[in-house]
Amino acid sequence: MQTEQAQARIITAIPLSQDWGKLTKYTFDFRRRDGEWQRQSREVYDRGNGATILLYNRSKRSVILTRQFRLPLFVNDHAGFLLEAAAGLLDELDAETRIKQEAEEETGYRLERVEKVFEAWMSPGSVSEKLHFFIAEYDESRRTGNGGGLIEEGEDIEVVEMTFTDALAAIRSGEIADGKTIMLLQHLALEGVL
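Everything numeric in this text was worked out from a predicted model, so none of it was measured. (Residues numbered from 1 in each chain as written. Predicted model: local features only at pLDDT ≥ 70, side-chain atom pairs only at ≥ 80, totals over all residues. Heavy atoms only, no water.)

### Remarks on a nonpolar patch on the surface
Where nonpolar side chains cluster on the molecular surface, the patch consists of Phe69, Leu71, Phe74, Val75 and Phe81 and spans about 520 Å² of accessible area. Mapped onto the elements of the fold, phenylalanine 81 is located in strand β6 (residues 81-84). (Patch = residues over 30% accessible without salt bridge, like charges linked within 9 Å, V, L, I, M, F, W, Y side chains within 5 Å. Areas by Shrake-Rupley, 256 points an atom, 1.4 Å probe, with all protein chains shown as cover. Salt bridge = Lys/Arg side-chain N within 4 Å of Asp/Glu carboxyl O. Helix = DSSP H or I, 4+ residues; strand = E, 2+ residues; numbered from the N terminus.)

Below, the structure written as structure tokens:
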């Protein structure tokens, strides 16, 4: 097992695109475990860090998910609609503040308390995004609206309440195929929350 951190030196960083996110081609020297330096190049997509949250209700043994259209799925021979936990970019806010805002925008539930459960790099081979994962309890008293996201951000989000048992079965059937959502549902199962 290697105990020293890998070392790298950036040689060039060439912007390829800067629209919704930033795509950059990096050429870099990487110091291998044997001490030799090797030149490599990779493209890195940076759209900022984000947060995701799974709302759950202990007494109903249910969760709140969202369903929305995702273009990258559609261009990869999928219908494009994905059942997932609410999520969004941090937009220069701290993760807890941002995820409370995002939860209300997408699901219609205002949350006073959220619990951060972990952080994860979702696709570290090509995407720089780190996600902050949260869970929170919900009930009807926390409902402030219908959710659905922000029209000005191009969001058209369906709010879906389902039993925890059905959500776990949806992972097995492939109906839930979003990594962050699977991780949060499995966290609830492993921790015995529901």
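### A look at the side chain of aspartate 29
For aspartate 29, the location among the structural elements is in strand β2 (residues 22-31). At a separation of 2.7 Å, a polar atom in the side chain of aspartate 29 contacts the side chain of arginine 39. When neighbours within four sequence positions are excluded, aspartate 29 is seen to be in contact with Gln7, Ala8, Arg9, Ile11, Trp37, Gln38 and Arg39. (Polar contact = N/O pair within 3.5 Å; in protein donor to acceptor, adjacent residues only side chain to side chain. Contact = heavy atoms within 4.5 Å.)

### Some thoughts on the pairing of strand β1 (residues 7-18)
Sheet topology places β1 next to β2; 10 bridges connect them, and they run antiparallel. What sits directly across from alanine 8, in β2, is phenylalanine 30. With antiparallel pairing between neighbouring strands as the criterion, β1 and β2 make up a hairpin whose turn holds three residues. (Pairing = 2+ DSSP bridges.)

### Focus on the packing of aromatic side chains
Taken as a whole and judged by the stated rule, the model has four aromatic pairs. Pairing tyrosine 109 with tyrosine 138 gives two aromatic rings, centres 5.1 Å apart and planes at 65°, and the pair type is edge-to-face. Linking tyrosine 109 in the loop between α2 (95-107) and β8 (115-121) with tyrosine 138 in the loop between β9 (130-137) and β10 (158-163), this pair joins segments that are 29 residues apart in sequence. Accessibility expressed as a relative area gives 0% for tyrosine 109, which makes it buried. With a relative accessible area of 2%, tyrosine 138 lands in the buried category. Grouped by ring-pair contacts, the aromatic residues Phe69, Phe74 and Phe81 constitute a single cluster. Above the face of the tryptophan 37 ring, arginine 9 is positioned so that its terminal group lies 3.7 Å from the ring centre. (Phe/Tyr/Trp six-rings, centres within 6.5 Å; stacked < 30°, edge-to-face > 60°. Buried < 20%, exposed > 50% of the residue type's maximum accessible area, 1.4 Å probe, protein only. Lys NZ or Arg CZ within 6 Å of the ring centre and 35° of its normal.)

### Examining the domain arrangement of the chain
Looking at the chain, the domain boundaries give domain 1 (8-46) and domain 2 (50-191). The distance between the C-alpha centroids of domain 1 and domain 2 comes to 31 Å. (Domains from an automatic or database assignment.)

### Regarding the UniProt feature "domain: Nudix hydrolase" (unreviewed entry) in the chain
Within this structure's numbering, the places UniProt gives as "domain: Nudix hydrolase" (unreviewed entry) are residues 46-184. Across residues 46-184 one finds 24% helix and 33% strand; the C-alpha atoms that close the span lie 23 Å apart. (UniProt positions renumbered as here; feature names shortened; annotations may be inferred.)

### A word on the side chain of glutamate 106
Residue placement: glutamate 106 occurs in helix α2. We note that glutamate 106 is buried and unpaired, the nearest opposite charge coming from arginine 70 at a distance of 5.9 Å. Polar side-chain contacts of glutamate 106 include one of 3.4 Å to the backbone nitrogen of alanine 87. When sequence neighbours within four positions are dropped, the list of residues in contact with glutamate 106 reads Thr66, Gln68, Ala86, Ala87, Gly147, Gly148, Gly149, Glu155, Ile157 and Val159. (Lys, Arg positive; Asp, Glu negative; His and termini not counted.)

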